[in-house]
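Descriptive analysis of the structure
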Amino acid sequence: MASIKCYAHIDTFDSKKPNSVLHFSDRCLILAFNTVSNTVCSNSFGKLKQARVSRLDTELSDVLQSNNVGRPVDVSEENVVVQNPRLHKKFKKAKRSIWKRLDGMRNVANDLNGNSKQQEVRVETDDLLLGNDDEFYEKLSANGSESSLGDCNSVLEKLESGGRDDEVLKFFEWMRVNGKLKRNVSGYKLALRVLGRRQDWEGAERLIREMETESSCELSFQIFNTLIYACHKRGLVGPGTKWFRMMLDAGIQPNVATFGMVMSLYQKGGNLDEAEFAFSQMRRFRIVCHSAYSAMITLYTRLGLYEKSEKIVEFLKNDKVILNQENWLVLVNSYSQQGKLDEAENVLASMHAAGFSPHIVAYNTLITGYGKISNMKDAERVFQNLVSAGLKPDESTYRTMIEGWGRVHNFKEAEWYYNKMNKLDFKPNSSNLYTMINLQAKHGDEAGAMRIIEDMITIGCQFSAILSIVLQAYEKAEWFDKVPYVIKGLLYDHVLNNQTSCSILVMAYVKHGLVDDAIEVLGLKKWKDKVFEDSLYHLLICTCKELGHLSNSIKIYASMPKRDKANLHITCTMIDVYSCLNQFKEAETLYINLKSNSVALDLIAFSIVVRMYVKSGSLNDACSVLDVMEKQKDIVPDIYLFRDMLRIYQRLGMVSKLADLYYKILKAGFSWDQEMYNCVINCCARALPIDELSRLFNDMIQHGYSPNTTTFNVILDVYAKSGLFKKVRQVFWMAKKQGMVDVISYNTVVAAYGKGKDLRNMASVARRMKFNGFSVSLEAYNCMLDAYGKAGEMEKFKNVLLRMKESSCGSDHYTFNIMINIYGEKGWIEEVGDVLTELKESGLKPDLCSYNSLIKAYGIAGMVEDAVNLVKEMRKNGIEPDRITYTNLIAAFQKNDMVLEALKWSLWMKQMGM
């Protein structure tokens, strides 16, 4: 009878626990056989309950065929599942598989056939593994050549299974130094397993090269599967691909497990290109891996490449693959995703015909497919078929039914399935809750919405996410005024305590006009952050302003807590709000308050205040603000404020300011746009030299910008007054070509030709003006009257007057003054009198220019006394005589030989500084 010697440290045995088992320490189990026979083995283990080990889904069974013991490359608990749950927990805790235990028994039994000295070394070595490492290595070194390869591999395996990775590598190095790695494939596999866990891919690659070049080891698929499994376990697509490619480059044929792992890796990572390559290699080697076919179909379906998915189905047929349950389920899912529900049901029927029992996943997939196409009649039929097949609807079943009924907006059915799911203690997912809250918002079920919110809180949804879902649902349903009745309880407490959620809610209230509710929330809030609070109020005020709800902006501003110091940004926004409402007094009060509190204004603040004064018509006050701004050297106006300044100075006629500002803008180095060119030319036309203005206009054209009509007219006027008639024609032609000519353009050109005494072109432009659809304006008639009168063309002068009457064009002061001046120059005093009478009959009164022209006419006609009476009449009518008045009066005295009177008035003018 064979005897067995067992050296073992036994873990604690709890006799109080039922079915308690003895657990042998994985570091200390050593069995010694003096005599071994088949009978002894049979009798010795006959009392042990046989352990069944399940295969991996990726078909790792082939990996069990290792070099010497027929166990898997990876021996983690994921690959080996023991039926006895208590025993499995013990194994999991110890990180050791039953394969290692049996392997250890067999190796020890074989080695003990040698001398007893070697046996004694092994036992002591095992004890030392739990004690002093230095003593352990000294012992091994002392017995270096006597320690067998099996001894070393056994120690290495114990260290690796115990998770002592550093010691594994240390001992592996010792084995290399002591020549224990020659043709030792098992030792290399254990080291590679550790490097794979550490993701030390460079070290692993060095070991593989070392196996071939130094240790004379033959590479096999098990070596690479060890590393690929490490990548597969952690979802590392890149390294996994690297080892797979290296395996192929080395001329090693992968096995089923290899393809199962890489295809699963590519499916999870969505790496289609590598998946297609691996799948093509699998078919090239004529290897059938069921999970690879499933992975390809799933990938193509997920990416919407349904035609390619169908090709994989054809490969299944051509390769004569006997489908497993996973393949059938993947096919059902693929057709359901494509909306081919009839084909999906046919696949399900074929699955049952092939002997597979009804599977809940298949039915859930069909229900999901019908729900996506809003065919809830068939979805309900599949649900009933599921029950008829003897299956119980699970959590996913109810979830998909809720989603389907929600998609067709059937609140009643969705609510029934939701309530049924709750009774069965199933938990809804976030999509179900979103669907239900949307349906309740649409159907006005506030009480139901509050229950759903409670369910959301119960399953652990974030309060901020719940708030967003509720707001979005009621906004979509256009029942946002119901939100204050729904947000209650814990959710409302969260809003009052969390500044982010509080800001989200009040912003939504303001956006939908619920300003009073927003103010109420802000009044009850419990969080304290003055900076955040001011920013929130500012944002609310700006939102109301952008929405055009200016009165709401004022209401929110009035509800703000009082601060010792005014907030610059909020105050400036309110100045802008009051300006939009033309409440300039309130706006100016806020500005004065800022100044009194010594609040330094920034660029935006100055811009807002300046525009407020411009809109109110207080241009001088706007200039005062600009003067204050210029004293703050750190503020440089932006391009928008520069344009405002140009317009202000131009309207006030501040020519020197305009010139200074123009050169300041040039120095600022801004990139000019079309609007800037137009603004500068329009405003600075009278302030800049003609050469600089011309250069600026040409620069604008060269940059491809189009002058507007006003810019063209300004340039025409400047050129005309400068006598540059050639440029006038060029600019007018350019404006006409671009469609920018208006009445003012024609008037300007007519006046230019008239001033230049080019009467022919003047008349020609006037005719073209009428021909092009523009009515000849009063300004154009006045220009022609003045030109013809001064040129002595009295017939044409009278023709213009006749055309004015025919066209019912009224006369203005300028018209009458021209007539008085021309008739007076001719000495036609009666015509002057008629014009004066006509002037008064038209309801107009003589202005300063009229009186000056009359005095000049009376002087020419010798009516000096009437001229002096006109000066008295002017003063009586509140018109103060100017230098021209007195000059014309003195000329009248001189013309009529009244030298003393002329001298007296000359001396008086000199005394008055005229």
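Reference entry: report on the structure contained in this document. Keep in mind that what you see is a predicted model, and the values were worked out from it rather than measured.

1. Re the pattern of salt bridges
- One pass over the full model with this rule turns up 33 salt bridges.
- In this structure, the salt-bridge partner of Arg 197 is Glu 160, at a minimum N-O distance of 2.7 Å. Highlighted residues: Arg 197 in helix α8 (residues 185–198) and Glu 160 in helix α6 (residues 149–161), separated in sequence by 37 residues.
- For Arg 197, a relative accessible area of 31% corresponds to the partly exposed category.
- Taking the shortest distance from any N to any O, the salt bridge between Arg 686 and Asp 717 comes out at 2.5 Å. Of this pair, Arg 686 sits in the loop between α37 (674–684) and α38 (690–702) while Asp 717 sits in helix α39 (residues 709–721); the two residues are 31 residues apart in sequence, bridging distant segments of the chain.
- In this structure, a network of salt bridges that share partners links the residues Arg 611, Arg 643, Asp 644, Arg 647, Asp 673 and Glu 675.

2. Notes on the packing of helix α45 (residues 813–826) against helix α47 (residues 848–860)
- Close contact between α45 and α47 brings their axes to 8 Å; oriented N to C, the two are set at 10°. As far as their axial angle goes, α47 and α45 are roughly parallel. Judged by residue contacts, His 813, Asn 817, Ile 820, Asn 821, Gly 824 and Glu 825 of α45 engage Cys 849, Ser 850, Ser 853, Leu 854, Lys 856, Ala 857 and Ile 860 from α47.
- Broken down by class, the residue content of the contact of α45 with α47 amounts to five nonpolar, six polar and two charged.

3. Regarding the packing of aromatic side chains
- Enumeration over the complete set of coordinates arrives at 23 aromatic pairs.
- Look at Trp 527 and Phe 532: their rings are 5.5 Å apart centre to centre, the planes differ by 80°, and that puts the pair in the edge-to-face class.
- Accessibility expressed as a relative area gives 5% for Trp 527, which makes it buried.
- Over the face of the ring belonging to Phe 315 we find Arg 283, whose NZ or CZ atom lies 3.9 Å from the ring centre.

4. Digging into a positive patch on the surface
- Residues Lys 736, Arg 767, Arg 768, Lys 770 and Arg 803 make up a contiguous surface patch of positive charge.
- A per-element tally of the positive patch places helix α42 (residues 759–771) first, with three residues.
- Structurally, Arg 803 can be placed in helix α44 (residues 794–806).
- According to the relative accessible area criterion, Arg 803 is partly exposed, its value standing at 35%.

Calculation rules
- Within each chain, residue numbers correspond to sequence positions counted from 1 in written order.
- In keeping with the model being predicted, local features are shown solely for residues with a pLDDT of at least 70 and side-chain atom pairs are shown and tallied solely at 80 or more, while totals for entire chains, interfaces and linings include all residues.
- As a rule here, side-chain values cover all heavy atoms of the structure and leave hydrogens and water aside.
- Salt bridges, as used here, are contacts in which a Lys or Arg side-chain nitrogen is within 4 Å of a carboxyl oxygen on Asp or Glu.
- A run of DSSP states H or I qualifies as a helix once it reaches four residues; a run of E qualifies as a strand once it reaches two. Both are numbered from the N-terminal end.
- Note on exposure labels: buried denotes an accessible area under 20% of the residue type's maximum, exposed denotes more than 50%, and partly exposed covers the range between, all computed with a 1.4 Å probe on protein chains only.
- For helices, the fitted axis covers only the stretch in contact; all axes are lines through C-alpha atoms, and the angles between them, taken along N-to-C directions, range from 0 to 180 degrees.
- In these notes the angle categories are as follows: under 35 degrees is roughly parallel, over 145 is roughly antiparallel, 65 to 115 is roughly perpendicular, and the rest is oblique.
- Contact between two residues is taken to exist if any of their heavy atoms lie within 4.5 Å; hydrogens are not considered.
- Asp, Glu, Lys and Arg are counted as charged, while Ala, Val, Leu, Ile, Met, Phe, Trp, Tyr, Cys and Pro are counted as nonpolar; the rest, among them Gly, fall into the polar class.
- Centres within 6.5 Å make a pair out of two Phe, Tyr or Trp rings, where for Trp the six-membered ring is used; the pair is then stacked when the planes are under 30 degrees apart, edge-to-face when over 60, and tilted otherwise.
- For a Lys NZ or an Arg CZ to count as sitting over a ring, it must be within 6 Å of the ring centre and within 35 degrees of the ring normal.
- The patch calculation keeps residues exceeding 30% relative accessible area without a salt bridge and links them within 9 Å when they carry like charges or within 5 Å when they are nonpolar (Val, Leu, Ile, Met, Phe, Trp, Tyr).
- Here the accessible surface of atoms and residues is derived via Shrake-Rupley with a 1.4 Å probe, and residues count as covered only by protein chains that are part of the display.
- Under the counting rule used here, the positive set is Lys and Arg, the negative set is Asp and Glu, and His together with the chain ends is not counted.
- A charge is said to be at NZ when it belongs to Lys, at CZ for Arg, at CG for Asp and at CD for Glu.

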